[in-house]
Every structure is written in C-alpha cells, then in structure tokens.
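# Architecture at a glance
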Amino acid sequence: MPGKWVVYADGASRGNPGPASIGAVVYDENGKEVHAVSRRLGRATNNEAEYQAAIAGLEAALALGGGEVDLRMDSELIIRQLQFRYKVRNERLRPFFNRIIELRNKFDVFSLEHVPREKNKRADQLANLALDSGQDIG
C-alpha cells in the first residue's frame, strides 16, 4: 500500500577511500521509524557511500509500498547532483546517480532536502555502527 515516507541517509568512509559503510532510516508519516539499514561496503569514498546509503533507503521505502518519499541527506554534493544543479563529473558516481533516478521514477512523489548534519544523526549513527561493530543490520 502506498505511503508517505521520510528517508534519512548517510555514508561514512575512513580514509576516503577507505573502509566505508552506510546508514539509512525510513520513517512513516507519523514519524515512526519503520526500517533501518546499517551496512559495511568494503572500500569506498565518502561520496560513493553517501549515494549507496540513499539507494538503500529509497529501496526500503519502495519495498514498504512506495507512494511519496522525501529523501533527506547532509551531503550537499549528492543533493545538488540529484537536483541537476551540479553535474556528476566523477564517473564512479554515475551508476549510483542513475540508480537513484530509476528509483525516483517509481515513486508518485519524490522530493529532496539537504539537512544539517545535526538533523541526520540517526543515519550517521547507523553508518558508524557498521564501521565500528563490523555487523550489518537490515
């Protein structure tokens, strides 16, 4: 059943490139956390991790029923690329960008929002949990 979802996503990389992970959390329209992802990626740059976190969050929202989604991230670069304000110059990021455009088209309503890091704490916590604990969730 379609719903209204808010997805917060964050990527982490220690070394850039280095050991990397993602964190994403999906909230329903009442603000209840309905899905969380915390996963190691192996070696990646921070921007690669950011994109993969967004993909994981959007895929989770789609699996929950699609409908409307608001993607919120503290990565200004990724948000501006997805708003077509910045070009994707790094060819390693292009497949991730293209995947999000594919996902975007599967929702009835899709919006993007750049948020300050303080408003993205849960996704950041999940990304760091995977790096620190070595365990994956979701």
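Our subject is the structure listed above.
Procedures and definitions
- Once a new chain begins, its residue numbering starts again from 1 and follows that chain's sequence as written.
- Per-residue local features of the predicted model are confined to residues with pLDDT of at least 70, and side-chain atom pairs are confined, for both listing and counting, to 80 or more; whole-chain, interface and lining totals are unaffected and use all residues.
- Note that water and hydrogens are dropped before the side-chain values are worked out from all heavy atoms of the structure.
- Counting from the N terminus, the helices are DSSP H or I runs at least four residues long and the strands are E runs at least two residues long.
- Exposure categories follow from relative accessible area, calculated using a 1.4 Å probe and restricted to protein chains: below 20% of the type maximum is buried, above 50% is exposed, and the middle band is partly exposed.
- Only buried Ala, Val, Leu, Ile, Met, Phe, Trp, Tyr and Cys residues count toward a nonpolar core, and they belong to the same one when joined by side-chain atoms within 4.5 Å.
- Should any heavy atoms of two residues lie within 4.5 Å, those residues are considered in contact.
- In this tally Asp and Glu are treated as negative and Lys and Arg as positive; neither His nor the chain ends contributes.
- A carboxyl oxygen of Asp or Glu within 4 Å of a side-chain nitrogen of Lys or Arg is what we treat as a salt bridge.
- What makes two strands pair is DSSP finding at least two bridges between them.
- Note on geometry: axes are C-alpha line fits, over the in-contact stretch for helices, and angles between N-to-C directions span 0 to 180 degrees.
- Roughly parallel here means an angle under 35 degrees, roughly antiparallel means over 145, roughly perpendicular means 65 to 115, and every remaining angle is called oblique.
- Each crossing gets its handedness from the near helix: less than a right angle anticlockwise from the far helix is left-handed, clockwise is right-handed.
- When residues are grouped by polarity, Ala, Val, Leu, Ile, Met, Phe, Trp, Tyr, Cys and Pro land in nonpolar, Asp, Glu, Lys and Arg in charged, and all others, Gly among them, in polar.
- What a helix is expected to span follows from its residue count: subtract one and scale by 1.5 Å.
- What the arc describes is the spread of directions from the helix axis to the C-beta atoms.

A few words now on the overall build of the chain. Across its full length, the chain carries four helices and five strands. Walking the chain from its N terminus toward its C terminus, one meets helices and strands in the order β-β-β-α-β-α-α-β-α. Across the 138 residues in the chain, those meeting the buried criterion constitute 48%.

Attention now goes to the nonpolar core. Residues Y51, L58, V69, L71, L82, I100 and F110 are the most contacted members of the largest nonpolar core, which totals 30 residues. Within the residue set of this core, elements represented by two or more residues are β1 (3–13), β2 (18–27), α1 (46–63), β4 (67–73), α2 (76–82), α3 (94–104) and β5 (109–114). Broken down by element, this core gets its largest block of residues, eight residues, from α1. Beyond its immediate stretch of four places on either side in the chain, Y51 contacts I78, Q81, L82, V88, L93, F96, F97 and I100. Core analysis: the next-biggest nonpolar cluster, separate from the first, contains eight residues, Y8, Y27, A36 and A123 among them.

Now for the side chain of D28. Mapping D28 onto the fold places it in the loop between β2 and β3 (33–44). Of the buried charged residues, D28 lacks a salt bridge, with K32 as the closest side chain of opposite charge at 5.6 Å.

Further remarks concern the pairing of β1. Consecutive side chains along a regular strand alternate between the two faces of the sheet. Counting buried residues along β1, 10 of its 11 residues qualify, which places the element largely inside the surrounding structure. Direction of pairing for β1 relative to β4: parallel, over a ladder of seven bridges. Considered in β4, the bridge of V6 is made with D70. Where β1 and β2 come together, eight bridges link them in antiparallel fashion. Residue pairing across strands places D10 opposite G23, the latter belonging to β2.

This part covers the packing of α1 against α3. To describe two helices that pack against each other, one gives the angle between their axes and the distance between the axes. Following both chains from N to C, one finds α1 and α3 inclined at 20°, their axes separated by 10 Å at the closest point. Comparing their axes, α3 and α1 come out roughly parallel. As for how α1 packs across α3, the hand of that crossing is left-handed. Facing α1, whose interface residues are E48, Y51, Q52, A54, I55, L58, E59 and L62, α3 presents F96, F97, R99, I100 and L103. For the contact of α1 with α3, the residue count by class is nine nonpolar, one polar and three charged.

Right, let's talk about helix α4 (residues 121–133) for a bit. The terminal C-alpha atoms of α4 lie 17 Å apart, and with 13 residues this matches the ideal 18 Å at 1.5 Å per residue to within 8%. Every buried residue belonging to α4 is among A123, L126, A127, A130 and L131, and all of these are buried. Buried residues of α4 fall within an arc of 135° about the axis and therefore sit on the same side. The outward face of α4, more than 90 degrees from its buried face, is lined by the exposed residues K121 and D132. At its buried positions, α4 is contacted by β1, β2 and β3. Residue G134 follows α4 closely and has a positive phi angle near 75°.

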